[in-house]
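# Understanding the architecture of this molecule
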Amino acid sequence: MIEGRARRVVAVVDADPMAALKALNTALLLDAAVGTRFCTAVFGLLDPAGEGGFTVTLATGGHPPAYHLSPTQGGGVRVEAARAKGGMLVGAFAEAAFASRTLHLAPGHGLLLYTDGLTEARTPTATCSPTQA
């Protein structure tokens, strides 16, 4: 696991989500103590929107998508993957390309972020089963 401190330091260097992932990628590749370890990451930036809510910019490096949650007229919830096209693992390749997506979160909307450990959970028999996690 990559230490949270390293991720926070990269965010201080540059708050742009794509630039932050590029800086984290470079830092991991240059740190001999990390060795051949890599990670998946999603980095987001929330900006207050003039009409209410937030403009969200998400950059991804090999991480499963976030989900945009919005209420429907019938009282349910619409769930839409906020997937950026592309996005390679962080710390695995010097030439890694990352992807970003911008969306609007209106008042009453939500953004679901989760660890990829949730989707990779294994049962005691070592089979991968998200439904049993």
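Since the model is a prediction, treat every value here as computed from it, not as a measurement. (Residues numbered from 1 in each chain as written. Predicted model: local features only at pLDDT ≥ 70, side-chain atom pairs only at ≥ 80, totals over all residues. Heavy atoms only, no water.)

### Focus on the sheet that holds strand β6 (residues 110–112)
The strand order β4-β3-β6 describes an open sheet built from three strands, whose pairing is antiparallel. Both outer strands of the open sheet, β4 (77–82) and β6, are each paired with one neighbouring strand and no more. Here the strands of the sheet are splayed against their neighbours by 30 degrees on average, with no regard to which way each runs. When strand β3 (residues 66–71) meets β6, the two strands line up antiparallel, connected through three bridges. Counterpart to His68 in the pairing with β6 is Leu111. (Pairing = 2+ DSSP bridges. Helix = DSSP H or I, 4+ residues; strand = E, 2+ residues; numbered from the N terminus. Axes fitted to C-alpha atoms, helices over the stretch in contact; angles between N-to-C directions.)

### What to know about the pairing of β4
Bridge count between β3 and β4: six bridges; the pairing is antiparallel. Residue pairing across strands places Ala66 opposite Ala82, the latter belonging to β4. Here β3 folds back onto β4, and the loop between the two strands holds five residues, one of which, Gly75, carries a positive phi near 95 degrees.

### Observations regarding helix α2 (residues 17–30)
Taking 1.5 Å of rise per residue, the 14 residues of α2 would be expected to cover 20 Å, and the 20 Å separating its terminal C-alpha atoms lies within 8% of that figure. Residues of α2 that are buried: Pro17, Ala20, Leu21, Leu24, Asn25 and Leu28. The arc enclosing the buried residues of α2, seen along the axis, measures out at 140 degrees, which places them on a common side. (Expected span 1.5 Å × (residues − 1). Buried < 20%, exposed > 50% of the residue type's maximum accessible area, 1.4 Å probe, protein only. Arc of directions from axis to C-beta.)

### What to know about the environment of Leu30
Here Leu30 shows up in helix α2. What makes Leu30 exposed here is its relative accessible area of 68%. Residues Leu30 and Gly91 lie 61 residues apart in sequence; the distance between their C-alpha atoms is 9.1 Å.

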